[in-house]
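As a plain string of letters, each chain reads:
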Amino acid sequence: MIIANGTIETKIKTGGGIDPDTDYPIAPSVSWGSPISCQYRANKYSNKGKANGEAFTIASYEILIDEQPYDAEMLRLRDESGKILGEFSVIEVEPLRAVCQIRILV
């Protein structure tokens, strides 16, 4: 059992492929899945990133969810108030069988 302090939403791509008439690629449509309760903590968080004179935030998170099938490549993390913390590529998904949870590194 996790102590939820946020939610994640999985990026879902549908459609796409090659147009049979023109042989040009068709971009897939993107949507977000239903929210999944999660417990997250920042592994690394810094507002000191700079590139071309522009500031940006560097962040990586460890996310725990209850055990379920999970194989997404991208996710959106929200805090418990609903504020979007960011959209992240999934680096690693590790089942924690002893506690029936899944650890996701982004």
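Everything that follows concerns the structure shown earlier in this document.
What you are looking at is a predicted structure, and each value in this text was computed from that prediction instead of being measured.

S.K.: Explain the pattern of salt bridges to me, please; I cannot follow it from the model alone.
M.R.: Throughout the structure, instances matching the rule amount to six salt bridges. A salt bridge links Arg41 to Glu62, with the nearest nitrogen and oxygen atoms 3.5 Å apart. Placement of Arg41 in strand 5 (residues 36–51) and of Glu62 in strand 6 (residues 54–66) is noted, with a sequence separation of 21 residues between them. Relative accessible area serves as the criterion here: at 17%, Glu62 is assigned to the buried category. Residues Arg97 and Glu67 are paired through a salt bridge, measuring 4.0 Å at the closest nitrogen-oxygen approach. Of this pair, Arg97 sits in the loop between strand 9 (92–96) and strand 10 (101–105) while Glu67 sits in the loop between strand 6 and strand 7 (74–79); the two residues are 30 residues apart in sequence, bridging distant segments of the chain. On the basis of relative accessibility, which here comes to 39%, the residue Glu67 falls in the partly exposed class. Linked through salt bridges whose partners overlap, the residues forming this network are Arg41, Glu62, Glu94 and Arg103.

S.K.: Any chance you could explain the state of the cysteines here in plain terms?
M.R.: Each disulfide consists of one covalent bond between the sulfur atoms belonging to two cysteines. According to the stated counting rule, one finds zero disulfides in the structure shown. Lacking any disulfide linkage, Cys38 is separated from the closest cysteine sulfur, that of Cys100, by 18 Å. What makes Cys38 buried here is its relative accessible area of 0%. With relative accessibility at 44%, the residue Cys100 sits in the partly exposed group.

S.K.: It is not clear to me how the packing of aromatic side chains should be interpreted in this structure. Could you clarify?
M.R.: Each aromatic ring pair is specified by the distance between its two centres and by the angle formed by the two planes. Evaluated as defined, the whole model comprises two aromatic pairs. Here a set of aromatic residues connected by ring pairs shows up, and it is made of Tyr40, Tyr61 and Phe88.

Parameters at a glance
Residues numbered from 1 in each chain as written. Predicted model: local features only at pLDDT ≥ 70, side-chain atom pairs only at ≥ 80, totals over all residues. Heavy atoms only, no water. Salt bridge = Lys/Arg side-chain N within 4 Å of Asp/Glu carboxyl O. Helix = DSSP H or I, 4+ residues; strand = E, 2+ residues; numbered from the N terminus. Buried < 20%, exposed > 50% of the residue type's maximum accessible area, 1.4 Å probe, protein only. Disulfide = S-S within 2.5 Å. Phe/Tyr/Trp six-rings, centres within 6.5 Å; stacked < 30°, edge-to-face > 60°.

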